[in-house]
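A structural walkthrough
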Amino acid sequence: MAKQPKRIQAWTGDRNVAHPLEAAVKLVKENAKAKFDETVEIAVNLGVDPRHADQQVRGVVSLPSGTGRDVRVAVIAKDAKQEEAKAAGADIVGAEDLVERIQGGFMEFDRVIATPDMMALVGRLGKVLGPRGLMPNPRVGTVTPNVAQAVKDAKGGSIEFRTEKTGIIHAGIGKASFTEDALLANARALVDALNRAKPSGAKGTYIKKISLSSTMGPGFKVDAGSMGA
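One structure accompanies this document, and this report is about it. (Residues numbered from 1 in each chain as written. Predicted model: local features only at pLDDT ≥ 70, side-chain atom pairs only at ≥ 80, totals over all residues. Heavy atoms only, no water.)

1. Concerning the packing of helix 3 (residues 79–88) against helix 7 (residues 147–156)
Packing of helix 3 against helix 7 leaves a shortest axis separation of 8 Å and a crossing angle of 25°. Overall, the two elements helix 3 and helix 7 adopt an arrangement that is roughly parallel. At the point where helix 3 passes helix 7, the crossing takes the right-handed sense. For the pair helix 3 and helix 7, contact is made by Lys81, Glu84, Ala85 and Ala88 and by Val147, Ala148, Val151 and Lys152, respectively. When grouped by side-chain class, the residues that make up the contact of helix 3 with helix 7 number 5 nonpolar, no polar and 3 charged. (Axes fitted to C-alpha atoms, helices over the stretch in contact; angles between N-to-C directions. Helix = DSSP H or I, 4+ residues; strand = E, 2+ residues; numbered from the N terminus. Parallel < 35°, antiparallel > 145°, perpendicular 65-115°, else oblique. Left-handed = near helix turned anticlockwise from the far one by under 90°. Contact = heavy atoms within 4.5 Å. Nonpolar A, V, L, I, M, F, W, Y, C, P; charged D, E, K, R; others polar.)

The structure is reproduced here in C-alpha cells:
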C-alpha cells in the first residue's frame, strides 16, 4: 500500500462523526496547513431532485463576513448605467463590445451583471457563460436595472448557490484566516438562505447532510441540528 503524504498523516480530528458546527469550524481551521490562505468550503446535501423544475434550489446570499476574495465583476449595460457600474467599482464595463469580447474567449471575471434591456444581446452568451454558472439571471439579482447595488453586493460578499445534478450545494464561505466567529456567521447565513429557498416540491428531510473542508484539508461532517437545519 502506498504511504500517505505527510500532510495527510498530520490531519487531526474524527472524520467519521458529525460534529457541532463550532467544533467542525475549529477542526477545519486547525487542519488548513497549506502555504496559501485556503478557502473554507461547505457542502450541503439536499433532499431534492434537481431534474424536476419544482425541486431546483437556486439563489443568492450576502455573507456577513464577506468571502475573502477579490471578485472581478463585469457589467453589460449602456450609457448612464455604465457610469453607475464604474462608480460602484465594476472591473469591466461594456455593451455590444463586451459581448463580442466574451464570445471571442475573454473570461477574466467572476460575476456578470446585466441590465434588462441588454438581455437580447446577453442571450447569445448562454453557451459560453451557462456551463460556468455565470449567465446573468434575475432570480439571483444579476439581471437588474440597479447595477450599482448589484456590483456593491458582489464586491461585498454576496454569493450565488444552486443545486448540482446530485442535489448538493457547494460554496466557499470564507478563508482559513477568518476568525471562527466569521466562518460560523457565514455558514449559518448560507444554511438560512437554503431553508428560505426550500422548493415546494421537496419532500421528506430537506437538509440531509452538511460537511466542511478547506482547499487542501480533510472534510468534517456537521451535525445539521447544530445549525437549526
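And the narrative resumes.
2. With respect to helix 3
Taken residue by residue, helix 3 has Gln82, Ala85 and Ala88 as its buried positions. Down the axis of helix 3, the smallest arc covering the buried residues is 130°, so these residues share one side. With respect to the buried face of helix 3, the exposed residues turned more than 90 degrees away are Asp79, Ala80 and Ala87. The inward-facing, buried residues of helix 3 contact strand 4 (73–76), strand 5 (92–94) and helix 7. Residue Gly89 follows helix 3 closely and has a positive phi angle near 110°. (Buried < 20%, exposed > 50% of the residue type's maximum accessible area, 1.4 Å probe, protein only. Arc of directions from axis to C-beta.)

3. Examining the packing of helix 2 (residues 21–30) against helix 8 (residues 180–196)
It is at 10 Å that the axes of helix 2 and helix 8 come closest, and there the two elements cross at 125°. As the angle between them shows, helix 2 and helix 8 are arranged oblique. For the pair helix 2 and helix 8, the crossing hand works out as right-handed. Judged by residue contacts, Leu21, Glu22, Val25, Lys26 and Lys29 of helix 2 engage Glu180, Leu183, Leu184, Ala187 and Arg188 from helix 8. Residues belonging to the contact of helix 2 with helix 8 are distributed by class as follows: 5 nonpolar, no polar and 5 charged.

4. Examining the sheet that holds strand 4
Strand order in the open sheet made by the 3 strands is 5-4-6, with parallel pairing throughout. Among the strands making up the open sheet, the edge pair consists of strand 5 and strand 6 (111–114). Put simply, the sheet's adjacent strands are angled 15° from each other on average, direction ignored. Both strand 4 and strand 5 contribute to a ladder of 3 bridges, which runs parallel. Within strand 5, the position partnered with Ile76 by the bridge is Gly94. (Pairing = 2+ DSSP bridges.)

5. Re unusual backbone geometry
Even without being a glycine, Asp79 presents a positive backbone phi close to 50°. One can find Asp79 in helix 3.

6. Considerations on the sheet that holds strand 2 (residues 39–46)
An order of 1-10-9-2-8 is seen for the 5 strands of this open sheet, with the pairing classed as mixed. Bordering the open sheet on either side are strand 1 (18–19) and strand 8 (168–175), each of which pairs with just one other strand. Where strand 2 lies against strand 9 (residues 207–214), 7 bridges are found, and the strand directions are antiparallel. Its bridge partner being in strand 9, Val40 is matched across the sheet by Ser214.

7. Remarks on the nonpolar core
Ile42, Ile210 and Leu212 are the most contacted members of the largest nonpolar core, which totals 37 residues. Looking at which element gives the most residues to this core, the answer is helix 8, with 9 residues. Each residue touching Leu212, except ones within four places of it in the same chain, is listed here: Leu21, Ala24, Val25, Val28, Glu41, Ile42, Ile173, Pro218, Gly219, Phe220 and Val222. Among the nonpolar cores identified, the runner-up in size contains 18 residues, and Met118, Leu121, Val122 and Leu125 belong to it. (Core = buried A, V, L, I, M, F, W, Y, C linked by side-chain atoms within 4.5 Å.)

8. Quick notes on the packing of aromatic side chains
Inspection of every chain in the model, using the stated rule, returns 1 aromatic pair. An angle of 55° between the planes, with centres 5.9 Å apart, marks the rings of Phe106 and Phe109 as tilted. For Phe109, a relative accessible area of 3% translates into the label buried. The lysine or arginine in question, Arg101, covers the ring of Phe106, its NZ or CZ lying 4.0 Å from the ring centre. (Phe/Tyr/Trp six-rings, centres within 6.5 Å; stacked < 30°, edge-to-face > 60°. Lys NZ or Arg CZ within 6 Å of the ring centre and 35° of its normal.)

By themselves, these figures tell us nothing about what the structure is for.
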